[in-house]
Amino acid sequence: MGMECCRGANPFRLCSGLKVLGYFMILLVASIIAVSYCAVIVIAWGPRLFVGGLVSVLALAIVIVFHLLLALLIWSYFMVVFVDPGSVPLNWRPTLEEENLEIGSSVTLSDYVAPETRASAWPSSEGLERRPTIGYCSRCHNSKPPRCHHCSVCQRCVLKMDHHCVWVVNCVGARNYKCFLLFLLYTFLETVLDAVALLPRFVKFFGDARNHNSSPGKLAVTFLAFVLNLAFALSLLCFVIMHTSLVLSNTTTIEVHEKKKGAVWKYDLGKRRNFEQVFGTKKLLWFLPLYSQEDLEKMPALQGLDFPTRSDVET
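Residues numbered from 1 in each chain as written. Predicted model: local features only at pLDDT ≥ 70, side-chain atom pairs only at ≥ 80, totals over all residues. Heavy atoms only, no water.

1. Quick notes on the packing of aromatic side chains
Stated formally: In summary, the pairing rule links any two rings of Phe, Tyr or Trp, Trp by its six-membered ring, whose centres are within 6.5 Å, and it sorts them by plane angle into stacked for under 30 degrees, edge-to-face for over 60 and tilted for everything else. The helix and strand labels rest on DSSP assignments: H or I over at least four residues marks a helix, E over at least two residues marks a strand, and numbering proceeds from the N terminus.
Enumeration over the complete set of coordinates arrives at eleven aromatic pairs. Note on Trp167 and Phe232: the rings are 6.1 Å apart at their centroids and 80 degrees apart in plane angle, and the pair reads as edge-to-face. One end of the pair, Trp167, is in the loop between β6 (163–165) and β7 (170–172); the other, Phe232, is in helix α5 (residues 216–248), and 65 residues separate them in sequence. On the basis of an interplanar angle of 5 degrees and a centroid distance of 4.4 Å, the ring pair of Phe275 and Phe279 is categorised as stacked. Of the two residues, Phe275 and Phe279 both sit in helix α7 (residues 271–279), four residues apart, roughly one turn of that helix.

In structure tokens form, the structure reads like this:
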């Protein structure tokens, strides 16, 4: 009886608890933003706008850049939260047409065998190479496009899944990866700005605390905001560097291990084209969590179902 209970247990049910943690993370993000705003704008630099001279000019610059980064940060964050990373259409199959998505070979029907026939690949006697089969998800009972993975938290397959992020209560995949990267970038820049802007007041913190020149509440908010922003800036720097490397090599976090198996990564099309696979071809929209309609129509990789591959690598 004990063995039967263990076999019937679903360990992935525990993953649903991450959703509850995610909602707490959203409140934490809002709290950090509120504390930082209070420390930088209300306490530190807002009052200096009316001092005059270079101090006011510097204060105005800090206030403008702070609000600009904050607006872009919040915009990108909500896009990651609310944009669907991409789900596999019901009864999906590769397209019947042999088509080149870009220079090089593309993923088409000829590259796959249906799940029900995966036991027998095309024989070499017919002069055809053995091709990889279509992925199949036993939980979703549906075929899986290339680079697609099942998320145990969201309980579905996600297109070009990078990872499930508890900070946004959502998966990061083909259709919101750009938004996630911009959220990382703008959060990093915002925390660096906050830490630098609060550094003079942090240095004065200990003197003010001894001499009681400032209220305890202002001292506490300034100290907390500086420490939080410095800590986040240092930790986010690692993530920014890591994801920059992944974007330039056209690799997801999940694919890092798979990439190590081969000498050449089949999705690596060159740094510029790899970058465009995520950010699109319109330079004016590179730093906004948006895509042009033209890119959405002409770049199937942004939809997460078809991906061009290198012509010198077997797919």
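Next comes the rest of the description.
2. Quick look at the side chain of His150
To keep it simple, the criterion reads: We call two residues in contact whenever any of their non-hydrogen atoms come within 4.5 Å of each other.
Its place among the elements puts His150 in strand β4 (residues 149–151). Ignoring anything within four residues of it in the chain, the contact list for His150 reads Cys137, Arg139, Cys140, Gln155, Arg156, Cys157 and Met161.

3. What to know about the UniProt feature "transmembrane region" (unreviewed entry) in the protein chain
Rule in force here: UniProt positions are given in the numbering used here, feature names are shortened, and annotations may be inferred rather than shown by experiment.
Under the UniProt annotation, "transmembrane region" (unreviewed entry) lies at residues 20–45, 57–83, 180–199 and 219–242. Its end C-alpha atoms 35 Å apart, residues 219–242 is made of 100% helix and 0% strand.

4. With respect to empty space enclosed by the protein
For the record, the criterion: A cavity here means a set of points on a 1 Å grid, drawn over the protein atoms and nothing else, where a 1.4 Å probe fits but cannot get out; a pocket is an open set with protein on both sides within 12 Å along at least five of seven lines, and a residue lines either one if it has an atom within 4 Å of a point. Grid points are joined across faces, edges and corners, and a volume is the space filled by probe spheres set on the points.
In total, this model carries three cavities of 30 Å³ or more according to the counting rule given. Forming the walls of the largest cavity are Lys160, Gly173, Ala174, Tyr177, Gln277, Val278, Ala301 and Leu302.

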